[in-house]
Amino acid sequence: MTFARMVRIHSTPDQRGAIETLADNAYAISKGHPGFISATYMINEAETEYASLTVWESREKAEAAGAAIREKHGEVMMQVSTAPPDIEVFEIYQAADSA
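Undergrad: Hey, could you go over the sheet that holds strand β1 (residues 3-10) for me, with residue numbers and the actual values?
TA: A sheet is described by the order of its strands in space; here four strands give the open sequence β2-β3-β1-β4, paired in antiparallel fashion. Every interior strand has two partners, whereas the edge strands, β2 (36-43) and β4 (86-91), have only one. Averaged over neighbouring strand pairs, the angle between their axes works out to 15° when direction is ignored. Pairing analysis gives seven bridges linking β2 to strand β3 (residues 49-56), with the strands arranged antiparallel. Residue pairing in the sheet places I43 in a bridge with Y50 of β3. Against the sheet, helix α1 (residues 16-31) contacts β1, β2 and β3, and its axis sits at roughly 175° relative to β2. Seen against the sheet, helix α2 (residues 59-80) touches β1, β3 and β4 and runs at an angle of roughly 10° to β1.

Undergrad: I'd like to hear about the packing of aromatic side chains, residue by residue, with values.
TA: Following the criterion strictly, the structure yields two aromatic pairs and no others. Both rings, one in Y27 and one in F36, keep their centres 5.9 Å apart while their planes meet at 75°; by these two values the pair is edge-to-face. Residue Y27 is classed as partly exposed on the basis of its relative accessible area, which comes to 35%. Judged by centre distance (5.4 Å) and plane angle (70°), the ring pair of F36 and W56 falls under edge-to-face. Note that F36 is positioned in strand β2 and W56 in strand β3, a separation of 20 residues in sequence. Overall, F36 belongs to the buried group, its relative accessible area being 18%. Among the aromatic residues, those joined into a cluster by ring pairs are Y27, F36 and W56.

Undergrad: Summarise the packing of α1 against α2; cite the residues concerned and give the values.
TA: Packing of α1 against α2 leaves a shortest axis separation of 10 Å and a crossing angle of 175°. Considering their axes alone, α1 and α2 lie roughly antiparallel with respect to each other. Where α1 approaches α2, its residues A18, I19, L22, N25, A26, I29 and S30 are matched on the opposing element by A68, I69, K72, H73, V76, M77 and V80. Here the residues of the contact of α1 with α2 sort into ten nonpolar, three polar and one charged.

Conventions we followed
Residues numbered from 1 in each chain as written. Predicted model: local features only at pLDDT ≥ 70, side-chain atom pairs only at ≥ 80, totals over all residues. Heavy atoms only, no water. Pairing = 2+ DSSP bridges. Helix = DSSP H or I, 4+ residues; strand = E, 2+ residues; numbered from the N terminus. Axes fitted to C-alpha atoms, helices over the stretch in contact; angles between N-to-C directions. Contact = heavy atoms within 4.5 Å. Phe/Tyr/Trp six-rings, centres within 6.5 Å; stacked < 30°, edge-to-face > 60°. Buried < 20%, exposed > 50% of the residue type's maximum accessible area, 1.4 Å probe, protein only. Parallel < 35°, antiparallel > 145°, perpendicular 65-115°, else oblique. Nonpolar A, V, L, I, M, F, W, Y, C, P; charged D, E, K, R; others polar.

Here it is, written out as structure tokens:
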């Protein structure tokens, strides 16, 4: 069973560069953390909402990586955000192959 950790940050277009740097730094931590499978980073068209979706081997590994990222980059995240980040962990459901 795999799990996804989704983080959504609300910000402003002028913070895009800082948020991309934050994403690069979070990726560096994530890819070296046990249980990491993949990461995707997203930006809405208005450049006011930024999101990351990382996939992990277990809920515990997703949460441990999140704690490591918060410890190292939590202050920067709060500086570039207009509100506290939304963070959720989801169990991944793999749809049955219909072919």
